[in-house]
Amino acid sequence: MVSTQLSQPARLDQLAICLLGGPYVIQAGKRIAVPEGSKKLLVFVALHDGRVDRRHAAGTLWPYVSDDRASGNLRSALWRLKGAGIVVLEADKVFIELRGETSIDIYALRDWAGRVIGGTAQITDLALPAWNLEALDLLPGWYDDWVIFERERLRQRLLHGLEALCCQLIHLERYAEAVEVAMDAVDIDPLRESAQRALVEAHLAEGNIVEARRIYKAYVSMVAQELGVLPGARIRSLIERTEPVRVSPAEAYQR
């Protein structure tokens, strides 16, 4: 089962960089705080597939100083990591890269979503995720362009993964879990129509027409108030198929 502890290494000798709820490092089974002056460098390398050009990193992280000063700041950031006993980075004159055995929590999340979306999920991938969704906001309070881009990419990946998981759980007739997963997606982005549609589909698959119509009605009101639009045709068609047939009490009794 995919758990909230994505950052925890499988072995005590494994290294892990934790960006969700971090950044911090797990090393030799212990949590180590990253020095303030080194956080952006460590995160930058982690978010760029574990290998970056030194000059590119220095220019991106310290764009408003001279090249010499940026290079000096880079060396200081590396020195602070070493001084804190953090040994996840290796550097030469050209590149900075993660040590080969280092794991990164968002990679586990990204890979899980990829398997579910791509239809190659294993049985364990279909277990109800036990993540604390509030902790899945990547580096809140960081406003660098390269962080904002990766935050949104991870958010979209997670949402697509949850929606795909909901569909697969419906197919397996695991309706209660499908509803919960769809509710997680809606909680992350209430205005996202595909998430609301997944929730409606889960309720309908379980036979809870009243619940599905209630969810839809609330969504109609929300998008009208927030965006001044109507929901799209796909979610509308789900509800239109549930329009009640008007019958008298006597006819209902006879049925």
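Scroll up to find the structure this text is about.
Throughout what follows, the structure given in this document is the object of discussion. Only a predicted model underlies this, so the values are computations on that prediction, with no experimental measurement involved.

1. Regarding the overall build of the protein chain
Next, step 1: Within the protein chain, the regular secondary structure consists of 10 helices and 7 strands.
Next, step 2: In the protein chain, buried positions account for 42% of the 255 residues.
Next, step 3: For the protein chain, the exposed surface amounts to about 14500 Å²; the carbon and sulfur share of it is 52%.

2. Details of the side chain of E163
Next, step 1: For E163, the location among the structural elements is in helix α5 (residues 145–171).
Next, step 2: Separated by 2.6 Å, the side chains of E163 and R192 make a polar contact.

3. Section: the sheet that holds strand β4 (residues 51–53)
Next, step 1: Read across the sheet, 3 strands follow the order β4-β6-β5 without closing on themselves; strand pairing throughout is antiparallel. Every interior strand has two partners, whereas the edge strands, β4 and β5 (89–91), have only one. Across this sheet, the average inter-strand angle for adjacent strands is 15 degrees, counted without regard to direction.
Next, step 2: Pairing analysis gives 3 bridges linking β4 to strand β6 (residues 95–98), with the strands arranged antiparallel. What sits directly across from R51, in β6, is E97.

4. So, helix α2 (residues 54–61)
Next, step 1: By the burial criterion, the buried members of α2 are R54, A57, A58 and L61. Down the axis of α2, the buried side of the element spans an arc of 95 degrees, and every buried residue falls inside it.
Next, step 2: Considering only its buried residues, α2 is in contact with α1 (39–47), β4, α3 (67–83), β5, β6 and α5.
Next, step 3: Between the side-chain oxygen of the N-cap and the backbone nitrogen of R55 there are 2.9 Å, and the N-cap of α2 in question is D53.

5. A look at α3
Next, step 1: In this model α3 runs 24 Å from its N-terminal to its C-terminal C-alpha over 17 residues, within 8% of the 24 Å that 1.5 Å per residue would give.
Next, step 2: Listed in full, the buried residues belonging to α3 are A70, G72, N73, L74, A77, L78 and L81.
Next, step 3: Buried-residue contacts for α3 involve α1, α2, β5 and β6.
Next, step 4: Looking one or two residues beyond α3, the residue adopting positive phi is G85, at roughly 80 degrees.

6. Details of the packing of α5 against helix α7 (residues 193–205)
Next, step 1: Relative orientation of the contacting elements α5 and α7 amounts to 15 degrees, with a least axis distance of 10 Å. The angle between α5 and α7 falls in the class roughly parallel. Crossing hand, α5 versus α7: left-handed. The residues of α7 that touch α5, namely those facing E163, C166 and I170, are S194, A195, A198, E201, A202 and A205.

7. Points about the nonpolar core
Next, step 1: Grouped together as the largest cluster of nonpolar side chains are 73 residues, with contacts concentrated most on L19, L41, L89, I106 and W112.
Next, step 2: If one sorts the elements of this core by residue count, α5 sits on top with 11 residues.
Next, step 3: Contacts of L19, omitting those with residues within four sequence positions, involve V43, A46, L47, I104, D105, I106, L138 and L139.

8. Things to note about the side chain of R192
Next, step 1: The topology assignment puts R192 in the loop between α6 (175–188) and α7.
Next, step 2: Looking at R192, the relative accessible area reads 12%, which means it is buried.
Next, step 3: A polar atom in the side chain of R192 sits 3.2 Å from the side chain of S194.
Next, step 4: In contact with R192, not counting residues within four places along its chain, are Q156, L159, H160, E163 and Y219.

9. Considerations on a nonpolar patch on the surface
Next, step 1: Taken together, the side chains of L191, L227 and V229 present a nonpolar region at the surface, about 240 Å² in accessible area.
Next, step 2: For L227, the location among the structural elements is in the loop between α8 (209–226) and α9 (233–240).
Next, step 3: Its relative accessible area of 52% is what places L227 among the exposed residues.

What counts as what
- Here, residues in each chain are numbered from 1, in the same order as that chain's written sequence.
- The predicted origin of the model limits local features to residues at a pLDDT of at least 70 and limits the giving and counting of side-chain atom pairs to 80 or more, whereas totals for whole chains, interfaces and linings rest on all residues.
- As a rule here, side-chain values cover all heavy atoms of the structure and leave hydrogens and water aside.
- The helix count covers DSSP runs of H or I at least four residues long, the strand count covers runs of E at least two residues long, and both are numbered beginning at the N terminus.
- A 1.4 Å probe rolled over the protein chains alone gives each residue an accessible area, and that area as a share of the maximum for its type sets the label: buried under 20%, exposed over 50%, partly exposed in between.
- Using a 1.4 Å probe, accessible areas were evaluated by the Shrake-Rupley method; residue-level cover was limited to the displayed protein chains.
- For the purposes of these results, a polar contact is taken to be a pair of N or O atoms within 3.5 Å, where, inside protein, one atom must be able to donate a hydrogen and its partner to accept one; residues adjacent in sequence count only when each atom of the pair is a side-chain atom.
- Here the rule is simple: two strands pair whenever DSSP picks up at least two bridges between them.
- Throughout, an axis means a line fitted to C-alpha atoms (over the contacting stretch in the case of helices), and angles, computed between N-to-C directions, take values from 0 to 180 degrees.
- Throughout, the arc means the angular range of directions from the helix axis out to the C-beta atoms.
- Only heavy atoms matter for contacts: two residues are in contact if any of them lie within 4.5 Å across the pair.
- Each helix should span, by expectation, one fewer than its residue count multiplied by 1.5 Å.
- Geometric relationships in this document are graded by angle, where less than 35 degrees denotes roughly parallel, more than 145 denotes roughly antiparallel, 65 to 115 denotes roughly perpendicular, and other angles denote oblique.
- For a crossing to be left-handed, the near helix must be turned anticlockwise from the far one by less than a right angle; the clockwise case is right-handed.
- The set of buried Ala, Val, Leu, Ile, Met, Phe, Trp, Tyr and Cys residues whose side-chain atoms join them within 4.5 Å is what this entry labels a nonpolar core.
- Residues enter patches when their relative accessible area tops 30% and they take part in no salt bridge; the joining distance is 9 Å for like charges and 5 Å for the nonpolar side chains Val, Leu, Ile, Met, Phe, Trp and Tyr.
- Salt bridge, as applied in this entry: a Lys or Arg side-chain nitrogen positioned within 4 Å of an Asp or Glu carboxyl oxygen.

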